[in-house]
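Coordinate analysis (summary)
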Amino acid sequence: MPRVVSLIPSATEIVAALGHGDDLVGRSHECDHPPGVEALPALTAPKVPLEGSSREIDDQVRALLDEAMSVYDVDVERLNALRPDLILTQSQCEVCAVSLPTVEQAVADRIEGSPTVVALEPRSLADVRDDIRRVAGALGCPERGDRLVRRMRDRMQATSNAVAPADATDRPTVAALEWIDPLMGAGGWVPTLLEAAGGTPVFARRRGDLDALHEADPDRIVVMACGFGLSRTDAEMDVLRNDNRWAALRAVQAGHVYRADGNHFFNRPGPRLAASLDILAEILHPDRFHAAIDRSHRDTAWRREPAPAPSATR
């Protein structure tokens with residue numbers, strides 16, 4: 001059986017969903033699902049302190065990138081000691097995880113045995129499905145990859161069918177925010193998920209401030225900060241809650257702001273994107289969703305923000 005190192009959480013989840021979790025011998029510092037994977041040695045570490053505010057993290061990451069430096073360190077000695085046959089990484093984003101050039105340099109310089117390196121590059125939902133098949137092929141189980149893709153597609157189609165709007169007037173506009181300070185609108189596969197959940201994405205793939213968000217003035221706002229769970233997002237939201245421009249947004253005044261777990265969902269392009277679609281469908285069209293789907297992620301993966309007090313909107 002192959003000895004597999006996964007340096008991104010989504011790949012770790014894909015390997016496990018394909019039935020090869022026992023072949024994993026190493027992981028990234030962020031890999032925490034499925035339960036038990038934390039027992040594997042962590043081979044990466046961020047160069048930026050993660051305890052800082054979202055603004056501080058963004059500033060430090062951009063400073064590193066401006067200097068053409070990697071945002072993450074790789075423990076090459078430990079990686080070499082694990083003798084991997086297959087290393088899974090990504091070439092999509094230098095901020096999200098260890099980059100392909102960093103891994104290739106480590107393999108070229110120090111790693112014995114010439115392991116196979118597979119770099120995932122998901123920029124759309126279709127790419128995620130292709131990456132699942134690529135990982136399955138590298139593991140020697142292409143048929144399992146096809147089955148996993150079919151299961152995901154069938155589940156997502158059932159959710160989409162359940163909440164399908166009757167017409168365009170039943171599709172709320174939605175801003176999905178993948179970072180809080182500065183504001184960043186989610187891109188990649190998220191706009192596709194929003195449409196499948198019965199919404200119309202706005203402010204997608206944008207970086208701006210609250211004035212820019214006001215131009216879109218969406219019906220709903222879903223905050224899914226990359227790498228942040230519910231409690232961390234709640235703490236970071238104060239930078240928005242304390243700004244009068246935030247309180248003046250229609251979605252905020254109507255109590256249609258939602259915090260979602262952007263760490264375990266949405267920002268991990270793997271099998272749990274099906275659950276991410278469930279979350280959006282439950283948020284946007286709760287009555288139709290619950291009439292057809294016997295599951296809920298409320299309070300565990302998303303929460304609704306209370307509407308501000310009337311004085312806050314004056």
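These notes cover the structure that comes with them. (Residues numbered from 1 in each chain as written. Predicted model: local features only at pLDDT ≥ 70, side-chain atom pairs only at ≥ 80, totals over all residues. Heavy atoms only, no water.)

**Digging into the state of the cysteines**
Quick reminder of the rule: Two cysteine sulfur atoms form a disulfide, by the criterion used here, when they sit within 2.5 Å. Only protein chains enter the accessibility calculation, which uses a 1.4 Å probe. A residue is then buried if its area is under 20% of the maximum for its type, exposed if over 50%, and partly exposed in between.
Taken as a whole and judged by the stated rule, the model has zero disulfides. Considering cysteine sulfurs only, Cys31 is the nearest to Cys141, which forms no disulfide, with 18 Å between them. On the basis of relative accessible area, Cys141 is assigned to the buried category, the value being 3%.

**Points about a positive patch on the surface**
Our working rule: Patch rule: a residue counts if its relative accessible area is over 30% and it has no salt bridge; like charges are joined within 9 Å, and nonpolar side chains (Val, Leu, Ile, Met, Phe, Trp, Tyr) within 5 Å. Accessible surface area values rest on a Shrake-Rupley calculation with a 1.4 Å probe, where residue burial reflects the displayed protein chains alone. What makes a salt bridge here is a side-chain nitrogen of Lys or Arg within 4 Å of a carboxyl oxygen of Asp or Glu, nothing more. A positive count includes Lys and Arg, and a negative count includes Asp and Glu. His and the chain ends are not counted in either. We put the charge of a Lys on NZ, of an Arg on CZ, of an Asp on CG and of a Glu on CD. Secondary structure follows DSSP: runs of H or I at least 4 residues long count as helices, runs of E at least 2 residues long count as strands, and numbering of each begins at the N terminus.
There is a patch of like positive charges on the surface, built from Arg144, Arg147, Arg150, Arg151 and Arg153. Positionally, Arg153 belongs in helix H6 (residues 142-162).

**Things to note about H6**
Cut-off, in case you're wondering: Helices are assigned an expected span. That span is 1.5 Å times one less than the residue count. Throughout, a contact is declared for two residues whenever any of their heavy atoms are within 4.5 Å.
In a regular helix each residue adds 1.5 Å, so 21 residues correspond to 30 Å; H6 covers 31 Å between its end C-alpha atoms and thus fits that length. Among the residues of H6, those classed as buried are Gly145, Leu148, Val149, Met152, Met156, Thr159, Ser160 and Ala162. At its buried positions, H6 is contacted by helix H1 (9-17), helix H5 (125-138), helix H7 (190-196), helix H13 (273-284) and helix H14 (286-292).

**A short note on the pairing of strand S5 (residues 86-90)**
Going by this rule: Strands were regarded as paired on the criterion that DSSP finds at least two bridges between them.
Counting buried positions over the five residues of S5 gives five, a clear majority of the element. Of the two faces of S5, the one carrying Leu86, Leu88 and Gln90 and the one carrying Ile87 and Thr89 are both buried. In the sheet, strand S1 (residues 4-6) pairs with S5 via three bridges, with the strands oriented parallel. Looking at S5, one finds that Ser6 is bridged to Leu88. Looking at chain direction, S5 and strand S6 (residues 116-120) are connected through five bridges and run parallel. What sits directly across from Leu86, in S6, is Thr116.

**Remarks on the pairing of strand S12 (residues 257-260)**
Side chains Val257 and Arg259 project from S12 onto one buried face, and the interleaved Tyr258 and Ala260 project onto a second face that is buried too. Of the strand pairs in this sheet, strand S11 (residues 220-223) and S12 are connected by three bridges, and their pairing is parallel. By the bridge assignment, Val223 is partnered in S12 with Arg259. In terms of strand pairing, S12 meets strand S13 (residues 302-304) through three bridges, oriented antiparallel. Residue pairing in the sheet places Ala260 in a bridge with Trp302 of S13.

**Quick notes on the pattern of salt bridges**
Side chains that differ in charge, positive against negative, can pair when their charged atoms come close. Enumeration over the complete set of coordinates arrives at 23 salt bridges. With a shortest N-O distance of 3.3 Å, Asp146 and Arg133 are connected by a salt bridge. Placement of the pair is Asp146 in helix H6 and Arg133 in helix H5, with a sequence separation of 13 residues. A salt bridge links Asp278 to Arg295, with the shortest nitrogen-to-oxygen separation between them at 2.4 Å.

**Notes on the packing of aromatic side chains**
Formally: Centre distance within 6.5 Å is the pairing criterion for rings of Phe, Tyr and Trp, where only the six-membered ring of Trp is used; planes under 30 degrees apart are then read as stacked, over 60 as edge-to-face, and the remainder as tilted. As a reminder, the over-ring test applies to NZ of lysine and CZ of arginine, requiring each to be within 6 Å of the ring centre and within 35 degrees of the ring normal.
Summed over all chains, the structure comprises two aromatic pairs. Aromatic side chains Tyr258 and Trp302 sit 5.8 Å apart centroid to centroid with 65° between the ring planes, which places their arrangement in the edge-to-face category. In this pair, Tyr258 sits in strand S12 while Trp302 sits in strand S13, placing the two residues 44 residues apart along the sequence. By relative accessible area, Trp302 is classed as buried at 3%. The ring of Phe265 has Arg272 lying over it, and the distance from NZ or CZ to the ring centre is 5.2 Å.

**Looking at unusual backbone geometry**
The amide bond that connects His33 to the next residue, Pro34, takes the cis arrangement and shows omega of 5°. Mapped onto the elements of the fold, Pro34 is located in the loop between strand S2 (24-26) and strand S3 (44-46). Despite not being glycine, Arg83 shows a phi value in the positive range, around 50°. Not every positive phi belongs to a glycine, and Asp217 is a case in point at roughly 40°. Take Asp217: it is sitting in the loop between helix H8 (210-216) and S11.

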